[in-house]
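So the chains spell out like this:
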Amino acid sequence: MSFDVTDRATGDGWDGLLAEGETITWQGRPDAAVAFGFAQSVGMLFGLAFAGFAAVWMALAASAGGYFWTFGLVHFSVGIALAVGSVFGPPWVRRHTWYTLTDRRAFIATDLPFRGRKLIAYEVGPDTPLSLEEDGDFETVNFAHRWVQRKKGSRREDVGFERIPDGRVVLELMRRMQGEMR
């Protein structure tokens, strides 16, 4: 597979990424379709409940007269954004994501509107834990993790090539790479 640093998939400005002798073994993109699961349903229900509460509050405030009810618009909008964002947010991010695997590293590139370009490289060594998750026609190959800070501590999130159609092929490439490093 050839690699052109000015390719439309990665955009301009990504040249100089590879180390001397490093070669690309696979490139791909995640599936950007809407996948409705447990997390999306919980987020959507919470957002709709939040918006519903705000709508009832606005109706009661409007019955008292005046414009005080307009303060509820912020809460109503946040509820709708939570409901819509939980379903359509992850596919939108995946639509702006590209994956590259070399014989040494895994790259995840994003080009999100209003956030700009971001490229994260993960070293893949002989002891890097690899896992495969299946989700219908798509698979996720995990090869790293990151700690995400929350209000009550932090939690571990897996990092990998999400929702790709050829996950088993990528996993085999990574295992072969690990074998050659040993």
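Here goes a summary of the coordinates provided.

## Description of the overall build of the protein
Line of reasoning, step 1. When its secondary structure is counted, the protein shows three helices and seven strands.
Line of reasoning, step 2. Its C-alpha atoms give the protein principal-axis dimensions of roughly 75 × 30 × 30 Å.
Line of reasoning, step 3. Burial analysis of the protein (182 residues in total) assigns 35% to the buried set.
Line of reasoning, step 4. Across the protein, contacts joining residues at least 24 apart in sequence account for 57% of those joining residues at least 6 apart.
Line of reasoning, step 5. Entry remark: accessible area of the protein is about 11600 Å², with carbon and sulfur atoms responsible for 59%.
Line of reasoning, step 6. Between the mean site of the 20 positive side-chain charges and the mean site of the 22 negative ones, the protein shows a separation of 9 Å.

## Description of the packing of aromatic side chains
Line of reasoning, step 1. Under the defined criterion, the tally for this structure stands at seven aromatic pairs.
Line of reasoning, step 2. Summarising the aromatic geometry, the rings of Y99 and F161 are spaced 4.7 Å apart at their centres and angled 35° between planes, so their arrangement reads as tilted. Here F161 lies in strand β7 (residues 153-164) and Y99 lies in strand β2 (residues 97-102), a separation of 62 residues in the sequence. Per residue, the accessibility class of Y99 equals that of F161, and both read buried.
Line of reasoning, step 3. Aromatic side chains F143 and F161 sit 5.0 Å apart centroid to centroid with 65° between the ring planes, which places their arrangement in the edge-to-face category. A residue pair is termed long-range when its members are at least 10 positions apart, and F143 in strand β6 (residues 138-150) and F161 in strand β7 qualify at 18 residues.
Line of reasoning, step 4. For F143, a relative accessible area of 3% puts it in the buried group.
Line of reasoning, step 5. Cluster of aromatic residues (ring-pair linked, three or more members): W26, Y99, Y122, F143 and F161.

## Some details on the packing of helix α1 (residues 38-63) against helix α2 (residues 72-95)
Line of reasoning, step 1. Relative to each other, α1 and α2 sit at 165°, their axes nearing to 7 Å. Taken together, the axes of α1 and α2 are roughly antiparallel relative to one another. Handedness of the α1/α2 crossing: left-handed. Here Q40, G43, M44, F46, G47, L48, F50, A51, A54, A55, W57 and M58 of α1 lie close against α2, whose contacting residues are G72, L73, H75, F76, V78, G79, I80, L82, A83, S86 and V87.
Line of reasoning, step 2. Among the residues forming the contact of α1 with α2, the class breakdown is 16 nonpolar, seven polar and no charged.

## Here we look at the side chain of T140
Line of reasoning, step 1. Its place among the elements puts T140 in strand β6.
Line of reasoning, step 2. For T140, the contacting residues outside a window of four places in its chain are S131, L132, E133, F161, E162 and R163.

## So, the environment of V78
Line of reasoning, step 1. Along the chain, V78 turns up in helix α2.
Line of reasoning, step 2. You can call V78 partly exposed: its relative accessible area is 37%.
Line of reasoning, step 3. Note: C-alpha distance between V78 and G66 (twelve residues apart in sequence) is 23 Å.

## Quick look at the pattern of salt bridges
Line of reasoning, step 1. Taken as a whole and assessed by the stated rule, the structure comprises ten salt bridges.
Line of reasoning, step 2. Across the pair R163 and D135 runs a salt bridge whose closest N-O atoms are separated by 2.7 Å. Linking R163 in strand β7 with D135 in strand β5 (residues 131-135), this pair joins segments that are 28 residues apart in sequence.
Line of reasoning, step 3. Given a relative accessible area of 12%, R163 falls into the buried group.
Line of reasoning, step 4. Each of R146, R150, R155 and E157 takes part in salt bridges that share partners, so that together they form one network.

What counts, and at which threshold
- Residues numbered from 1 in each chain as written.
- Predicted model: local features only at pLDDT ≥ 70, side-chain atom pairs only at ≥ 80, totals over all residues.
- Heavy atoms only, no water.
- Helix = DSSP H or I, 4+ residues; strand = E, 2+ residues; numbered from the N terminus.
- Buried < 20%, exposed > 50% of the residue type's maximum accessible area, 1.4 Å probe, protein only.
- Contact = heavy atoms within 4.5 Å.
- Areas by Shrake-Rupley, 256 points an atom, 1.4 Å probe, with all protein chains shown as cover.
- Lys, Arg positive; Asp, Glu negative; His and termini not counted.
- Charge placed at Lys NZ, Arg CZ, Asp CG, Glu CD.
- Phe/Tyr/Trp six-rings, centres within 6.5 Å; stacked < 30°, edge-to-face > 60°.
- Axes fitted to C-alpha atoms, helices over the stretch in contact; angles between N-to-C directions.
- Parallel < 35°, antiparallel > 145°, perpendicular 65-115°, else oblique.
- Left-handed = near helix turned anticlockwise from the far one by under 90°.
- Nonpolar A, V, L, I, M, F, W, Y, C, P; charged D, E, K, R; others polar.
- Salt bridge = Lys/Arg side-chain N within 4 Å of Asp/Glu carboxyl O.

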